[in-house]
Protein chains: 2
Amino acid sequence: MCEANVYLLDEDGNEILFLEAVDKILPEGDQLCLENIFYEKKYINAKIKEMALVDHRIVIERIRA
Amino acid sequence: MCEANVYLLDEDGNEILFLEAVDKILPEGDQLCLENIFYEKKYINAKIKEMALVDHRIVIERIRA
């Protein structure tokens, strides 16, 4: 399967696993809607920082208000 | 392999293949830098509209100045 793990950058620059096995990502304004292959959904005010699909890795970072 | 095809929405809402077998995407301001598994690189003023990784499918749309 070709899902990816999504990591959230914390304030110290560490990558924290936010949601594993993500299939779908829908950006909506400042928000990302993530859905994984287990039909778990998560919403977060964040943007995509980098994606490396062959490594199954997506890094996101929060958008500060 | 878990790369994805990137489709660009045209003005009529059709999805045109923009780059196949994309591994890496780096958003930089209003620009996306795409790199595929053949080390082809493309830059475009666009944003991600939707991603469906299990379907190997990413749709982007141009950002109008």
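By convention here, each chain's residues receive numbers from 1 onward along its written sequence. The order in which chains are written sets their letters, starting at A; the order in which ligands are written sets their numbers, starting at 1. Thresholds applied to this predicted model are a pLDDT of at least 70 for local features of residues and 80 or more for the giving and counting of side-chain atom pairs; totals over whole chains, interfaces and linings are not thresholded and use all residues. To get the side-chain values, all heavy atoms of the structure are used, and hydrogens and water are removed first.

Draft legend 1. Local environment of the interface of chain A and chain B. Contact residues are listed per partner, giving 20 residues for chain A and 20 residues for chain B. Reported buried area values correspond to the accessible surface (1.4 Å probe) lost by two parts on association, with both partners' losses combined. Contact between chain A and chain B buries roughly 1,600 Å² in total, counting both sides, with carbon and sulfur atoms accounting for 69%. Contact with chain B buries surface across chain A, with A:Cys2, A:Met51 and A:Leu53 losing the most and accounting together for 39% of the total. By salt bridge we mean one thing: a side-chain nitrogen of Lys or Arg within 4 Å of a carboxyl oxygen of Asp or Glu. On inspection of chain A and its partner chain B, the count reaches 0 salt bridges. Polar contacts here mean pairs of N or O atoms no more than 3.5 Å apart (in protein, one a potential hydrogen donor and the other a potential acceptor; neighbouring residues in sequence count only if both atoms are side-chain atoms). Where chain A touches chain B, the interface holds 6 residue pairs in polar contact (both at pLDDT 80 or more). If you list the elements that add at least two residues to the side of chain A that touches chain B, you get strand E2 (15-28) and strand E4 (41-52) of chain A. Residue polarity follows a fixed list, in which Ala, Val, Leu, Ile, Met, Phe, Trp, Tyr, Cys and Pro are nonpolar, Asp, Glu, Lys and Arg are charged, and the others, Gly among them, are polar. Among the residues making up the side of chain A that touches chain B, the classes are represented as 14 nonpolar, 1 polar and 5 charged. Contact between two residues is taken to exist if any of their heavy atoms lie within 4.5 Å; hydrogens are not considered. Under the scheme used here, helices are H or I runs from DSSP no shorter than 4 residues and strands are E runs no shorter than 2 residues, and both carry numbers assigned from the N terminus.

Draft legend 2. Seen up close, the relation of the copies chain A and chain B. Least-squares fitting of one copy onto the other uses the C-alpha atoms of those residues that reach a pLDDT of at least 70 in both copies. Placing chain A over chain B gives an RMSD of 0.0 Å and needs a rotation angle of 180 degrees, together with 0.0 Å of translation along the axis. Considering both components of the superposition, the chain copies are consistent with a two-fold axis. It is A:Cys2 whose C-alpha, among those of chain A, lies nearest the rotation axis, at 2.5 Å. With an isologous cut-off of 70% or more, the 100% of interface residues of chain A that recur at the interface of chain B puts this contact in the isologous class.

Draft legend 3. Main features of the packing of aromatic side chains. Working definition: rings of Phe, Tyr and Trp (its six-membered ring) pair if their centres are within 6.5 Å, and the pair is stacked with planes under 30 degrees apart, edge-to-face with planes over 60 apart, and tilted otherwise. Counted by the stated rule, this structure contains 0 aromatic pairs over all chains. For a lysine, the NZ atom is tested; for an arginine, the CZ atom; a charge sits over a ring if that atom is within 6 Å of the ring centre and within 35 degrees of the ring normal. The ring of A:Phe18 carries A:Lys42 above its face, with NZ or CZ at 4.4 Å from the centroid.

Draft legend 4. Geometry of the layout of surface pockets. The space that makes up the largest pocket amounts to roughly 520 Å³. Around the largest pocket, the lining is made up of 24 residues, and of these A:Pro27, A:Lys47, A:Ile48, B:Lys47 and B:Ile48 lie nearest the centre. At the level of elements, E2, strand E3 (31-36) and E4 of chain A together with strand E2 (15-28), strand E3 (31-36) and strand E4 (41-52) of chain B are the ones that each hand at least two residues to the lining of the largest pocket. Class assignment of the residues belonging to the lining of the largest pocket gives a composition of 10 nonpolar, 4 polar and 10 charged. Here a cavity denotes grid points, spaced 1 Å and computed from the protein atoms alone, that fit a 1.4 Å probe unable to get out, and a pocket denotes an open set having protein on both sides within 12 Å along at least 5 of 7 lines; residues with an atom within 4 Å of a point are the lining. Grid points are joined across faces, edges and corners, and a volume is the space filled by probe spheres set on the points.

Draft legend 5. Region of the structure containing the pattern of salt bridges. Throughout the structure, instances matching the rule amount to 6 salt bridges over all chains. A salt bridge links A:Arg57 to A:Glu50, with the nearest nitrogen and oxygen atoms 3.2 Å apart. Only protein chains enter the accessibility calculation, which uses a 1.4 Å probe; a residue is then buried when its area is under 20% of its type maximum, exposed when over 50%, and partly exposed in between. We classify A:Arg57 as partly exposed; its relative accessible area is 24%. Judged by its relative accessible area of 27%, A:Glu50 is partly exposed. Of the charged contacts in the structure, one is a salt bridge between B:Asp23 and B:Lys24, with a shortest N-O distance of 3.1 Å. A residue is classified by how much of its surface remains accessible, and B:Lys24, at 37% relative accessible area, is partly exposed. Through salt bridges with shared partners, one network takes in A:Glu15, A:Glu50 and A:Arg57.

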